[in-house]
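Residues per chain are reported as follows:
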Amino acid sequence: MDNIILQVENLNIEFHDHDVPERVVNHLNMELRQGEILGIVGESGSGKSMTAMAIAGLLTRHDMEMAGKILFEGKELLHADRGTLRRIQGNDISIVFQEPMTSLNPVKRIGWQVEEGLRLHRPEMGKEERYQRVLKALEDVELDNPALVYRKYPHELSGGMRQRVMIASAMICEPKLLIADEPTTALDVTIQLQIVKLLQRLNQEKKMAILFISHDLSLVKRLCHRIIVMHNGNMVESGVTEEIFYHSKEDYTKELINAIPKLEKIG
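Residues numbered from 1 in each chain as written. Predicted model: local features only at pLDDT ≥ 70, side-chain atom pairs only at ≥ 80, totals over all residues. Heavy atoms only, no water.

Phi angles above zero are rare outside glycine, and Glu-73 is one such case at about 50°. Counting through the fold element by element, Glu-73 comes out in the loop between strand E4 (64-72) and strand E5 (75-76). Residue Glu-73 is classed as partly exposed on the basis of its relative accessible area, which comes to 35%. The phi dihedral of Glu-174 falls on the positive side, at around 55°, and the residue is not glycine. Relative to the helices and strands, Glu-174 resides in the loop between helix H8 (159-171) and strand E7 (177-181). (Helix = DSSP H or I, 4+ residues; strand = E, 2+ residues; numbered from the N terminus. Buried < 20%, exposed > 50% of the residue type's maximum accessible area, 1.4 Å probe, protein only.)

Judged by pairing direction, the sheet is antiparallel, and its four strands sit side by side in the order E2-E1-E4-E5 without closing on themselves. Edge positions in the open sheet fall to strand E2 (22-33) and E5, since each of these has one partner strand only. Across eight bridges, strand E1 (residues 4-15) lies against E2 in antiparallel orientation. Looking at E2, one finds that Leu-11 is bridged to Leu-28. On the sheet, helix H1 (residues 48-56) packs against E1, E2 and E4 and is oriented at approximately 120° with respect to E1. (Pairing = 2+ DSSP bridges. Contact = heavy atoms within 4.5 Å. Axes fitted to C-alpha atoms, helices over the stretch in contact; angles between N-to-C directions.)

This paragraph deals with the sheet that holds strand E10 (residues 234-240). Read across the open sheet, the six strands follow the order E6-E7-E8-E3-E9-E10; overall the sheet is mixed. Of all strands in the sheet, those bounded by a partner on one side alone are strand E6 (93-96) and E10. Adjacent strand axes in the sheet meet at a mean angle of 15°, parallel and antiparallel pairs treated alike.

Within the secondary structure, Gly-35 is located in the loop between E2 and strand E3 (37-41). C-alpha of Gly-35 to C-alpha of Pro-175: the two residues are 140 residues apart in sequence and 11 Å apart in space.

This part is about the pairing of E6. Burial along E6 is two-sided: Ile-93 and Ile-95 facing one way and Ser-94 and Val-96 facing the other are all buried. Of the pairings in the sheet, the one linking E6 to E7 comprises four bridges and is parallel in character. Pairing of Ile-95 across the sheet is with Ile-179, part of E7.

See below:
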């Protein structure tokens, strides 16, 4: 857990699509170690998803300015060229989004879509080897009958199954960092807990780091080793999960924790 694989130094993200520039992330500093699960929490508009997208190299708007450094295994990503980012995206760093129906192609079968990362990053693999790797990935995310799921289309699966497919797709190249951006928001409570337990298991088995973005503190408490609390683009507080929940220093953090329903606090 001592190996730092991700460092964010003085990250600023600013939009210029209005008369007055809007700073959505302000002087953010953070680090993530190999095998660690770090949660970033905050209300909508706090800057947590913008931070995740910047780390994943997915912020490409022309009306935006970014400054600072994002270092992944010592490589600077914030101002890296497209070729460098393409080699890392989906390979060393993968991302799972909130709503799989907008991420999955409705006219392509599940197997073809999960295989996409292998076609891009493992061109030396043959067709049968790719097929077997995809079946294993679907099995790893606890989908029954992977061979059947492989042939299905997204609309033939439930929301929870689609989210598992997205995790399988993100895991197919065995990334060192998985970014999960509100991956349970569209799911019911029972399925949310299943996805959290799945991420825990994959973290333990694969020893990969996870950056878990959420507004749901009860899920973050179950999953994350450390937490960063964001508000209006600023990091309000950070620390070990138990510290944040039971010895938080900032009023904003205390308000977030007090807003969790009592039954969820017990869990």
